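Structural overview
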Amino acid sequence: MMKKTLLAAAALLWSLSAGAAEDPSLAPYIRGYDAFRNGDFAAAAAEYRKAAEQGSAAAQYALGALYRDGHGVQKDPAEEAAWFRRAADQGFASAQFHLGTMYRDGRGVQQDYGEAAKWLRKGADQDHAFSRISLAMLYRDGTGVSRDYGEAVRLLKGPAEQSYASAEFALGMMYRDGTGVPQDSGEALKWIQKSADKRYDEAMFALGMMYRDGRGVPQSFQEAVKWFRKAAEQKHSEAQFALGVIYEKGQWVTQSYPEAMRWYRRAAKQDHARAQLALGMMYANGTGVSKNYSEAEKWFRTAADLGHPSAQFSLAVLCESGQGLPQDLPQAFLWFSLSAARSTGNLHDSAMAARERVAKKLTPRQLEEGMKAAAEWKPKEKECCPQ
């Protein structure tokens, strides 16, 4: 709520600084702002709409934010984009930023990285920090623009020096990897540490990796675990998975299967496929728990649906063997086929051999249907779940 109140206050200040004191849209905007602060979102939406329709960019932006968050109105990405666009066309930097990210993510508008870069650049030209950071990421990745590490660094430096944690982290990673700047472990540590100290989860995880590998810092597994834990507590799924592995193997900590399962489960609930596979393996092997093939199948299937080839292979094994669940050879053929198509090396060879073994047990119709299902199969999109 604090962040939303600050955004509304910023919009009000923008209105006043834009010479809106004589504008008839100012009165309904202020009433909307007061209603928003008092938690009466329906009234805020009604007043913001009046001001927005009279041309207030601040109100147009505020109304777009209400459609984004579902406050006083139903969530509606198309309406959100429409109101942000009207404010953005008037030069409202925060609206330009949000419209740019909507084009980047394909939310409420057709995904268009070129349009994303255009709107983010407009915000960046007004020194809007989040626009600069997001545009820097496009230049770093070559998305919607030609890849230009130097431009990414230039865009990041201002927000980083203003203590924006995401910019500090991104700049630190560029110093770590020597992209756009000479490689400099000291500068990398400085910026990543600044970001981590602000509890930015990506930075905390990266710092843990640096201590684990002794990259730019003296190697310290104790420090690595400390920073992994800090990131994991901020719901960073990769850090949660890393802690699960550490506790399962007893690396640098006292081995604890319950702790391993706790962290794997937290990551798995965020659609982390390797954590889901790890949970499935613990249930299948009875590691720290009683063997439970039903639970193993559930987690193998969850990861397999996301396209993880090892999980697809493990699920196929259960389908073929009928361990703890009814044997299903057509499903085994499907999952072995998918695993083989998405893997290399020993896993690929094993999946191919198993696929051919199961194929000999299928009827011609089952084989045809299985091949068609494998050709048409698509992985499930990730959905981050609350923990």
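Here, the structure is the one placed above.
Residues numbered from 1 in each chain as written. Predicted model: local features only at pLDDT ≥ 70, side-chain atom pairs only at ≥ 80, totals over all residues. Heavy atoms only, no water.

Looking now at the overall build of the protein. Helix and strand counts for the protein come out as 21 helices and zero strands. Taking the principal axes of its C-alpha atoms as reference, the protein extends roughly 80 × 55 × 40 Å. Partitioning the intrachain contacts of the protein with sequence separation of at least 6 by distance along the chain shows that 47% fall at a separation of at least 24. Side-chain charges in the protein split into 50 positive and 46 negative, and the spacing between the mean points of these groups amounts to 4 Å. (Helix = DSSP H or I, 4+ residues; strand = E, 2+ residues; numbered from the N terminus. Contact = heavy atoms within 4.5 Å. Lys, Arg positive; Asp, Glu negative; His and termini not counted. Charge placed at Lys NZ, Arg CZ, Asp CG, Glu CD.)

Before going further, it helps to examine helix α16 (residues 273–285). One turn of the α-helix equals 3.6 residues, which is why residues spaced by three or four share an orientation. Taking 1.5 Å per residue, 13 residues should reach 18 Å; α16 reaches 18 Å between its end C-alpha atoms and fits that length. Of all the 13 residues making up α16, 10 are buried; the element is thus mostly covered by neighbouring parts of the structure. Turning to α16, its buried residues number three or more, namely Ala273, Ala275, Gln276, Leu277, Ala278, Leu279, Gly280, Met282, Tyr283 and Ala284. Contacts made by the buried residues of α16 are with α14 (237–249), α15 (257–268), α17 (293–305) and α18 (309–321). At the C-terminal side of α16, glycine 286 shows a positive phi close to 70°. (Expected span 1.5 Å × (residues − 1). Buried < 20%, exposed > 50% of the residue type's maximum accessible area, 1.4 Å probe, protein only.)

Before going further, it helps to examine the pattern of salt bridges. For the structure shown, the criterion picks out 24 salt bridges. Where aspartate 177 meets arginine 215, a salt bridge forms, and the shortest distance between an N and an O atom there is 3.3 Å. Of this pair, aspartate 177 sits in helix α10 (residues 165–177) while arginine 215 sits in the loop between α12 (201–213) and α13 (221–233), and the two are 38 residues apart along the sequence. Its relative accessible area of 38% is what places aspartate 177 among the partly exposed residues. What makes arginine 215 partly exposed here is its relative accessible area of 39%. Across the pair arginine 301 and glutamate 297 runs a salt bridge, and its minimum N-O distance is 2.6 Å. Remark: glutamate 297 and arginine 301 occur in helix α17; sequence separation between them is four residues, near one turn of the helix. On the basis of relative accessible area, arginine 301 is assigned to the partly exposed category, the value being 26%. Salt bridges sharing common partners tie together Arg31, Glu47 and Lys50. (Salt bridge = Lys/Arg side-chain N within 4 Å of Asp/Glu carboxyl O.)

Counting residues in hydrophobic clusters, the biggest one holds 67 residues, and the most contacted among them are Leu243, Tyr264 and Trp335. Beyond its immediate sequence surroundings of up to four residues, leucine 243 is in contact with Val225, Phe228, Arg229, Ala232 and Trp263. (Core = buried A, V, L, I, M, F, W, Y, C linked by side-chain atoms within 4.5 Å.)

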